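# Structural overview
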Amino acid sequence: MKKLSLSVTLVSFVLLGMGALAAPPGSGYHLIKKIPLGAAPGGGEYFDYVTIDSAARRVYLTHGAEIKVLDADNFSVVGTISGLKRCHGILLLPELGKGFITDGDAAKVAVFDLKSLKITGEIKNSPDTDSIIYDPASKLIFTFNGDSKNATVIDPVKETVVKVIDMGGGPEQPVADGKGTIYDNNEEKNDVAVIDTKTLTIKTRWPVAPAGTPVGMDMDREYRRIFSGGRGPQFLVVMDADSGKVLQSLPISSGVDGNVFEPETGLLFVSTRAGKLHIFHEDSPDKLTEVKTITTEFGAKTMNIDPKTHNIFLSTAKFGPKPAAPTKENPEAERKPIPGTFHVLVYGR
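Because the structure is predicted, anything quoted here is derived from the model rather than measured. (Residues numbered from 1 in each chain as written. Predicted model: local features only at pLDDT ≥ 70, side-chain atom pairs only at ≥ 80, totals over all residues. Heavy atoms only, no water.)

Helix and strand content of the protein: 1 helix and 28 strands. Here the C-alpha radius of gyration of the protein, 21 Å, is about what a compact globule of 349 residues would show, namely 20 Å. Taking all 349 residues of the protein together, 54% fall into the buried category. Considering only contacts within the protein whose residues lie at least 6 apart along the sequence, 45% involve residues at least 24 apart. Summed over all atoms, the accessible surface of the protein reaches about 15,100 Å², with 56% contributed by carbon and sulfur. (Helix = DSSP H or I, 4+ residues; strand = E, 2+ residues; numbered from the N terminus. Rg over C-alpha atoms; globule rule 2.2 N^0.38 Å. Buried < 20%, exposed > 50% of the residue type's maximum accessible area, 1.4 Å probe, protein only. Contact = heavy atoms within 4.5 Å. Areas by Shrake-Rupley, 256 points an atom, 1.4 Å probe, with all protein chains shown as cover.)

Inspection of the secondary structure assignment puts Lys-301 in the loop between strand S25 (287-295) and strand S26 (302-305). Residues in contact with Lys-301, not counting those within four places in the same chain, are Gly-255, Asp-257, Gly-258, Ser-271, Thr-272, Arg-273 and Ser-315.

Next up on the list: the sheet that holds strand S10 (residues 129-135). One open sheet holds the 4 strands; their spatial order is S10-S11-S12-S13, and the pairing between them is antiparallel. Only two strands of the sheet have a single neighbouring strand rather than two, namely S10 and strand S13 (160-166). The mean inter-strand angle of the sheet, taken between neighbouring strand axes irrespective of direction, is 25 degrees. Two elements, strand S12 (residues 150-155) and S13, share 6 bridges in a ladder whose sense is antiparallel. Paired with Asp-155 across the strands is Thr-160, a residue of S13. (Pairing = 2+ DSSP bridges. Axes fitted to C-alpha atoms, helices over the stretch in contact; angles between N-to-C directions.)

Scored by pLDDT, the protein has a mean of 93; 93% of the residues are at 70 or more. In this model residues 1-21 is a low-confidence stretch, pLDDT under 50, and it forms 0 contacts with partners more than four residues away in sequence or in other chains. (pLDDT = per-residue confidence, 0-100.)

In the structure shown here, the tally under the stated rule is 7 aromatic pairs. Taking the centre distance of 5.3 Å and the plane angle of 40 degrees together, the rings of Phe-227 and Phe-261 count as tilted. Here Phe-227, found in strand S19 (residues 225-230), pairs with Phe-261, found in strand S22 (residues 256-262); they are 34 residues apart in sequence, far enough to count as distant. As far as burial versus exposure is concerned, Phe-227 and Phe-261 are alike and both buried. Taking 4.9 Å as the distance between ring centres and 85 degrees as the angle between the ring planes, the aromatic pair formed by Phe-298 and Phe-319 counts as edge-to-face. With a gap of 21 residues between them, Phe-298 in the loop between S25 and S26 and Phe-319 in the loop between strand S27 (312-316) and strand S28 (342-348) connect regions that are remote in the sequence. Its relative accessible area of 26% is what places Phe-298 among the partly exposed residues. Taking NZ or CZ as reference, Arg-86 lies 3.7 Å from the ring centre of Tyr-46, over its face. (Phe/Tyr/Trp six-rings, centres within 6.5 Å; stacked < 30°, edge-to-face > 60°. Lys NZ or Arg CZ within 6 Å of the ring centre and 35° of its normal.)

Either a parallel or an antiparallel arrangement is found when strands of a sheet pair, and the pairing is made through backbone hydrogen bonds. Pairing is antiparallel in the open sheet, where 4 strands are placed in the order S2-S3-S4-S5. If you trace the sheet from one side to the other, it starts and ends with strand S2 (47-53) and strand S5 (77-81), each paired once. Within this sheet the neighbouring strands show an average axis-to-axis angle of 20 degrees, counted without direction. Here 6 bridges tie strand S3 (residues 58-63) to strand S4 (residues 66-71), and the two strands are oriented antiparallel to one another.

Let us look at unusual backbone geometry. In this model, Ala-209 is joined to Pro-210 through a cis peptide bond whose omega is 15 degrees. Note that Pro-210 resides in the loop between strand S17 (201-207) and strand S18 (214-220). In this structure, the amide linkage connecting Gly-232 to the following residue, Pro-233, adopts the cis form with an omega of 0 degrees. For Pro-233, the location among the structural elements is in the loop between S19 and strand S20 (235-240). Phi is positive for Lys-149, which is not a glycine, with a value near 60 degrees. Looking at where Lys-149 falls in the secondary structure, it is placed in the loop between strand S11 (140-145) and S12. In the Ramachandran plot, Thr-213 falls in the positive-phi region, its phi being about 45 degrees despite a non-glycine side chain.

So, about the environment of Met-167. Considering the arrangement of structural elements, one finds Met-167 in the loop between S13 and strand S14 (171-176). Through-space distance from the C-alpha of Met-167 to that of Ile-195 is 9.7 Å; in sequence the pair is 28 residues apart. If sequence neighbours within four positions are ignored, Met-167 has contacts with Phe-144, Lys-149, Asn-150, Ala-151, Asp-184, Asn-186, Ala-193, Ile-195, Ile-202 and Arg-205.

Structure representation (structure tokens):
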């Protein structure tokens, strides 16, 4: 009888140990820091993409008419890039010593020096210049310009426009496979436009149903899987990057804007305006399971991950109450950010 009790105890201990070891790494995420960054020039409050230079230990945050640059380890402000109007995305090319900022209201791409953080040039572009990506196969930059419904191809060395591609609708976040193809969400067409970066043409389009109005996107390049997040209907879909077939769909909260896949852990992070951070695990190339959903803050829809520390940086602000009814100034009756309340949330394991 005593032997049986000891055996049961040992087996229980082993099983508990195995369960602890098998716990997905995303389950331990929690808030570790909240960093207030104050008002942007001009008195408004707007924020968009978060870009991380893990090697240089810098975090770039778009904030209205400026870019705030943080130290990725101690979270202090190490610089500000000003002189902009309404910035969206930031692309860093350390091999050229340059960074590129999309300025939607100024219809341009600003070029800055990575060491001094000083703006050194600008490239005229289309109105509502928004997301930006580098294609290593062609060595070209692509910006996706929402209201203009096109994409601009830029030579980063010469800082000149190579071509403008008609996207047929409002383009959103893209991803490059590194082999000569860019995939871009089109929120008006409810599809993914597949761009050949050699011919600079759209070679096919794939519907994202059951998702709709796709915005956030990332990719598992090893297994050729695209993760596209839609706002209406609110789904995350997993697509085959070669056939466009939707392999899985999972419900998410409202206002998705950021999708980030971490190959090292197999985790996919999805952030939404509703103030939710969905964490999924890629169990196999055809199956995601939800590990955890974290309540962050309303408006924290844009984010990125530091590959070194695995810390997640989300930007948001405090928001006023939802209006009782639509107005001419606010036809969708949305909650508006309160000027001067911009801040960053850092989540770690």
